[in-house]
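Chain by chain, the residues:
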Amino acid sequence: MSDATLPAWIAKAVILVGTVVMIAIRAPHGRRSRSVKVARSHKTPLETLLLVLAWVGFFVPLIWVVSPAFSFAEYPLRSGPLVAGLTCLAIGLWLFFRSHADLGTNWSVTLELRKEHRLITQGVYRTIRHPMYSALTLYSVGQALVIPNWVAGFSNVIAFAVLLALRVGAEERMMAEQFGDEYAAYSARTKRLVPGVW
Ligand code: SAH
């Protein structure tokens with residue numbers, strides 16, 4: 001069964017649906033968050049560069065869906081990776097939904113603190129400090145498994161790995177500066193991305 005080759009349109013449909021669900025989850029939260037004023041911005045030129053990279057990682061799979069631009073990097077789609085990828089995408093989207101719901105208007109696309117910013121330690125934030133990044137990691141791994149193309153499949157994983165490597169430390173320093181002992185205690189009892197591991 002896992003040796004059967006499947007048509008690429010299945011993967012294209014999955015990527016389109018996943019993207020629509022992701023946008024539908026983020027749009028209302030993004031709108032609500034942006035209505036709360038930013039009290040302190042920690043947006044550096046590096047942060048701007050990381051955001052551009054994230055956008056590139058996000059759009060490359062969509063370019064693959066609608067154009068033959070990356071046809072040189074195509075390989076056959078098989079059911080094993082497709083099912084594994086669908087599982088990662090589904091769990092990733094669920095966690096993305098939960099983390100947006102728990103973070104509420106404290107969400108920002110970059111490093112900034114909003115007016116009356118609260119430290120969230122409940123819901124999916126109870127055991128991990130960066131559930132939204134865990135969600136996006138799962139989502140990008142899901143894309144890499146589902147998309148039978150070396151360029152489009154890995155664009156998001158690579159972009160997100162760079163973002164994670166260069167942002168998490170700065171974000172934690174910002175939060176520690178703002179919330180002091182409360183954040184130190186929260187960090188001591190939680191892991192960053194994977195419960196009980198890291
Ligand atoms: N790193 C978190 C949040 C991503 S959104 C996650 O992966 O779930 C980035 C913004 O969220 C940061 O600019 C910061 O202002 C805010 N933030 C991060 N952790 C937070 C927390 N525990 N409580 C409240 N705001 C938080």
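Computed from a prediction, not measured in an experiment: that's the story for all the values here. (Residues numbered from 1 in each chain as written. Predicted model: local features only at pLDDT ≥ 70, side-chain atom pairs only at ≥ 80, totals over all residues. Heavy atoms only, no water.)

K.L.:
Help me out: how do you make sense of the overall build of the protein in this one?
P.N.:
In terms of helices and strands, the protein carries 5 helices and 4 strands. Mapped from its N terminus to its C terminus, the protein presents α and β elements in the order β-α-β-α-β-α-β-α-α. Against the 2.2 N^0.38 benchmark of 16 Å for 198 residues, the protein shows a C-alpha radius of gyration of 18 Å, consistent with a compact globule. In terms of overall dimensions, the protein has a C-alpha envelope of 55 × 35 × 25 Å along the principal axes. Put simply, the protein has 198 residues, and 44% of those count as buried. (Helix = DSSP H or I, 4+ residues; strand = E, 2+ residues; numbered from the N terminus. Rg over C-alpha atoms; globule rule 2.2 N^0.38 Å. Buried < 20%, exposed > 50% of the residue type's maximum accessible area, 1.4 Å probe, protein only.)

K.L.:
Is there a simple way to explain helix α1 (residues 8-34) in this structure?
P.N.:
Note that an α-helix has 3.6 residues per turn; residues three or four places apart therefore point the same way. Along its 27 residues, α1 runs 38 Å from first to last C-alpha, staying within 8% of the 39 Å computed at 1.5 Å per residue. Within α1, the axis deviates most sharply at Arg-26, by approximately 25°, and proline Pro-28 lies no more than four positions further along. When α1 is considered as a whole, its buried residues turn out to be Ala-11, Val-14, Ile-15, Gly-18, Thr-19, Met-22, Ile-25, His-29, Gly-30 and Ser-33. Tucked inside the fold, the buried residues of α1 contact α2 (45-66), β3 (77-78), α3 (79-103), β4 (112-114) and α4 (131-146). (Expected span 1.5 Å × (residues − 1). Bend = angle between axes of the 7 residues up to and from the residue. Contact = heavy atoms within 4.5 Å.)

K.L.:
Honestly, the packing of aromatic side chains in this entry has me stumped. Any pointers?
P.N.:
In this description, a pair of aromatic rings is defined by centroid distance and the angle of the planes. Counted according to the given criterion, the structure contains 7 aromatic pairs. Note on Tyr-75 and Trp-150: the rings are 4.6 Å apart at their centroids and 40° apart in plane angle, and the pair reads as tilted. With Tyr-75 in the loop between α2 and β3 and Trp-150 in helix α5 (residues 150-188), this residue pair connects regions lying 75 residues apart in the sequence. Judged by its relative accessible area of 53%, Trp-150 falls in the exposed class. Here the aromatic rings of Tyr-133 and Phe-160 are separated by 6.2 Å at their centres, their planes lie at 70°, and the arrangement is edge-to-face. Here Tyr-133, found in helix α4, pairs with Phe-160, found in helix α5; they are 27 residues apart in sequence, far enough to count as distant. In this structure, Tyr-133 and Phe-160 share a single accessibility class: buried. (Phe/Tyr/Trp six-rings, centres within 6.5 Å; stacked < 30°, edge-to-face > 60°.)

K.L.:
Where do I start with the site of the ligand in this structure?
P.N.:
Around the ligand sit 19 residues in total, of which Glu-112, Ile-120, Tyr-125, His-130 and Glu-171 are the nearest. One of the side-chain nitrogen or oxygen atoms of Glu-171 is found 2.5 Å away from a nitrogen atom of the ligand. The set of elements that each furnish at least two residues to the shell around the ligand consists of α4 and α5. Split into classes, the residues belonging to the shell around the ligand amount to 11 nonpolar, 5 polar and 3 charged. (Near = heavy atom within 4 Å. Polar contact = N/O pair within 3.5 Å; in protein donor to acceptor, adjacent residues only side chain to side chain. Nonpolar A, V, L, I, M, F, W, Y, C, P; charged D, E, K, R; others polar.)

K.L.:
What's the story with the packing of α1 against α4 in this structure? I'm lost.
P.N.:
Angle between the axes and distance between the axes are the two parameters that describe a pair of packed helices. Two elements in contact, α1 and α4, have axes separated by 10 Å at closest approach and are oriented at 165°. Relative to α4, the element α1 lies roughly antiparallel. For the element pair α1 and α4, the recorded crossing hand is left-handed. Every residue of α4 that contacts α1 at Ala-11, Val-14, Ile-15, Gly-18, Thr-19, Met-22 and Arg-26 is listed here: Met-132, Leu-136, Tyr-139, Gln-143 and Val-146. (Axes fitted to C-alpha atoms, helices over the stretch in contact; angles between N-to-C directions. Parallel < 35°, antiparallel > 145°, perpendicular 65-115°, else oblique. Left-handed = near helix turned anticlockwise from the far one by under 90°.)

K.L.:
Hey, could you run me through unusual backbone geometry in this one?
P.N.:
Keep in mind that most residues, glycine aside, have a negative phi and that most peptide bonds are trans. Within the chain, Glu-116 stands out as a residue other than glycine whose phi angle is a positive 55°. Position of Glu-116 among the secondary structure elements: in the loop between β4 and α4.

K.L.:
Would you mind going over the pattern of salt bridges with me for this structure?
P.N.:
Proximity of charged atoms lets side chains of opposite charge pair with each other. A full pass over the atoms with the stated rule returns 6 salt bridges. The shortest N-O distance in the salt bridge between Glu-177 and Arg-40 comes to 2.6 Å. Taken as a pair, Glu-177 in helix α5 and Arg-40 in strand β2 (residues 38-41) lie far apart in primary sequence, 137 residues in all. Its relative accessible area of 51% is what places Glu-177 among the exposed residues. In this structure, Glu-172 engages Arg-192 in a salt bridge whose closest nitrogen and oxygen atoms are separated by 3.3 Å. Placement of the pair is Glu-172 in helix α5 and Arg-192 in the segment after α5, with a sequence separation of 20 residues. (Salt bridge = Lys/Arg side-chain N within 4 Å of Asp/Glu carboxyl O.)

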